[in-house]
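What follows is the residue order along each chain.
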Amino acid sequence: MMEEKLARCVASWYPGATGITTPAKLSGGASQETWRFDIVHPDGNFGAILRRAPSGYGAAPSRAAGLHAEARLMQLAFEAGVPSPRVLYLLRVEDDLGTGFIMQRVEGETIARKILREEEFAGARPKLARQLGAVLAGIHGLPRAHLPKLRRMTATKELDEFERDYRNLGWPKPVFELALRWLRKHDPGPSAEVTLVHGDFRNGNLVIGPDGVRAVLDWELAHLGDPMEDLGWVCVNSWRFGEIDNPVGGFGSREELFAGYLAAGRRVDKARVMFWEVMGTLRWGLMCGGMMQRFRQGPDHSMERAMIGRRASETEIDLLRLLAPRGS
Amino acid sequence: MQDEPTPIELTRAVVDFLREDIAPMISGHHAFKLRVAINILELVIRQSTLQEGSDAKEAERLTGLLAMNGSLMELNRVLAERIAEGALDLSTAGLAEHLWQTTMDKLAVDQPNYASYRRELARYKEK
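Keep in mind it's a predicted model, so treat the numbers as computed, not measured.

Draft legend 1. Fine view of the domain arrangement of chain A. Domain parsing of chain A yields domain 1 (2-10 + 18-104) and domain 2 (112-323). For the side of domain 1 of chain A that touches domain 2 of chain A, the per-class residue count stands at 12 nonpolar, 2 polar and 3 charged.

Pasting the structure below:
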């Protein structure tokens, strides 16, 4: 069914394609799916990824940029030399595959714990913090005029959303209250410079090879806003996967990240970066709470979702370490 | 009074069965799901073991901080409101200590292997 439609679609634009291998579903909830397949060609197979929202799931979650915007951003990034998959095709109505796109599959590792621990990446790890700074500089430097239509976010708007999400949980979390209060007080106001913000730039959303960063994935939370947001988010303790003394994804120091960013001709506001790290820590804590709610109310009654609810406390200890450090 | 074995002992027996007899038989996605299931049961065991003691101490601290009595839920709601209003903050005597202790007690149940928790636990034991 889906395989036949996809094969027909690929044959219509990939010259010389003789078919596809059976697509394997990589991830996805009800509204968005990621499939892996090869385009079969006499000169050798070509690895591809399909990202789509099946028909009937047109409405993306309010925070998502939408699949076509995501495709456009990845293509722009690719053309600007930012490590990114090449977008091959945007789905059309006549393909009958829903909305979405097909992109080149970039080989490498995305599982954070493997990247942090396996020998294969030992040579890359010490270089990654700096490289990530350079990659972010590339993303923030993409020309505004070429970008698709995106949400414009500020810390104040985001805090309003956090507050609403937190109140919706209906469960008192004094540490989250403390963080909300701290963030309101330290909100630096709108950024003088507004750029493309990736929105989920972190260890786990990057394809890494022994040579370093190969691709930046998961652009669905992209928006316009304070570029320092991405620098703060990549440092959130939850994305260090146990390597807590290496703030940048468990790889290296903030100084290395900043050095890579500065070397590409951009400026760093360290106070803003720290503000966004606190924001990001609370954000992940609230996302854990949101997943717990979906477990309780919604169609996804899985054990994994349930257990994620019990990970909110990880962000509580990290917020305390940031806002009320002990015995330092 | 209910009879023995206790819920903790019963759950422990299920964990041992899943880990020793079932885990070696399965692989792939089901093996992953089984690990999650075992983790859940172990969390339940930790909570059953620790909650009574930590709840009692938390209620005692809250009663002192807020100068009022109530259920743990009521006391936490009042604490949350007072922090939101700014009536209590980190300069309030005992608040930081209370939040730290309460959070440490949560992590002891939720994620005792979380690196930040282990670091803070070691720091606490040094004193």
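The structure having been displayed, the exposition proceeds.
Draft legend 2. Main features of the interface of chain B and chain A. Facing the 29 residues of chain B at the interface are 25 residues of chain A. A class-by-class count of the residues in the side of chain B that touches chain A yields 16 nonpolar, 6 polar and 7 charged.

Draft legend 3. Examining the pairing of strand E6 (residues 99-104) of chain A more closely. Residue and element names in this part refer to chain A. The element E6 is largely enclosed, with a buried count of 5 among its 6 residues. For strand E5 (residues 87-90) and E6, the ladder comprises 3 bridges, and the chain directions are antiparallel. Considered in E6, the bridge of Leu90 is made with Phe101.

Draft legend 4. A look at the packing of helix H5 (residues 155-169) of chain A against helix H6 (residues 174-186) of chain A. All names here are of chain A. At a minimum axis distance of 11 Å, the contact between H5 and H6 shows a crossing angle of 165°. By the angle between their directions, the pair H5 and H6 is classed as roughly antiparallel. Of the two possible hands of crossing, H5 and H6 adopt the one that is left-handed. Across from Leu159, Phe162, Glu163 and Tyr166 in H5, the residues of H6 making contact are Phe176, Leu180, Leu183 and Arg184. Looking at the contact of H5 with H6 residue by residue, the class counts come to 6 nonpolar, no polar and 2 charged.

Draft legend 5. Main features of helix H11 (residues 312-323) of chain A. Between its first and last C-alpha atoms H11 of chain A spans 17 Å; for 12 residues at 1.5 Å apiece the expected length is 16 Å, and the two agree. Along H11 of chain A, the positions that sit buried rather than exposed are Ala312, Ser313, Glu314, Thr315, Glu316, Ile317, Asp318, Leu319 and Leu320 of chain A.

Draft legend 6. Focus on the nonpolar core. Residue and element names in this part refer to chain A. Among the nonpolar cores identified, the biggest contains 96 residues, and Leu132, Val135, Leu136, Val216, Leu231 and Val234 are the most heavily contacted of them. Top contributing element to this core by residue count: helix H9 (residues 270-297), with 10 residues. Excluding residues that lie within four positions of it along the chain, Leu132 makes contacts with Val213, Val234, Val248, Gly249, Leu257 and Gly260.

Draft legend 7. Representation of the environment of His29 of chain B within the structure. Mapped onto the fold, His29 of chain B is located in helix H2 (residues 28-66). Sequence spacing of His29 of chain B and Thr11 of chain B is 18 residues, and the spatial spacing of their C-alpha atoms is 23 Å.

Draft legend 8. Representation of the environment of Leu76 of chain A. All names here are of chain A. Mapped onto the elements, Leu76 comes out in helix H2 (residues 67-79). Residues Leu76 and Leu142 lie 66 residues apart in sequence; the distance between their C-alpha atoms is 7.5 Å. Among residues more than four places away in sequence, those in contact with Leu76 are Leu142 and His146.

Draft legend 9. Fine view of unusual backbone geometry. In the segment running from Glu4 of chain B into Pro5 of chain B, the intervening peptide bond is cis, with an omega of -5°. Following the sequence through the fold, Pro5 of chain B ends up in the segment before helix H1 (7-22). Positive phi, normally seen in glycine, also occurs at Phe241 of chain A, with a value near 45°. Assignment of secondary structure puts Phe241 of chain A in the loop between helix H7 (228-233) and helix H8 (254-263). Even without a glycine there, the phi angle at Ala67 of chain B is positive, about 55°.

Reading the values: rules and limits
Residues numbered from 1 in each chain as written. Chains lettered and ligands numbered in written order. Predicted model: local features only at pLDDT ≥ 70, side-chain atom pairs only at ≥ 80, totals over all residues. Domains from an automatic or database assignment. Nonpolar A, V, L, I, M, F, W, Y, C, P; charged D, E, K, R; others polar. Contact = placed C-beta atoms within 7 Å. Buried ≥ 20, exposed ≤ 12 C-beta atoms within 10 Å, placed from the backbone. Helix = DSSP H or I, 4+ residues; strand = E, 2+ residues; numbered from the N terminus. Pairing = 2+ DSSP bridges. Axes fitted to C-alpha atoms, helices over the stretch in contact; angles between N-to-C directions. Parallel < 35°, antiparallel > 145°, perpendicular 65-115°, else oblique. Left-handed = near helix turned anticlockwise from the far one by under 90°. Expected span 1.5 Å × (residues − 1). Core = buried A, V, L, I, M, F, W, Y, C linked by C-beta atoms within 7 Å.

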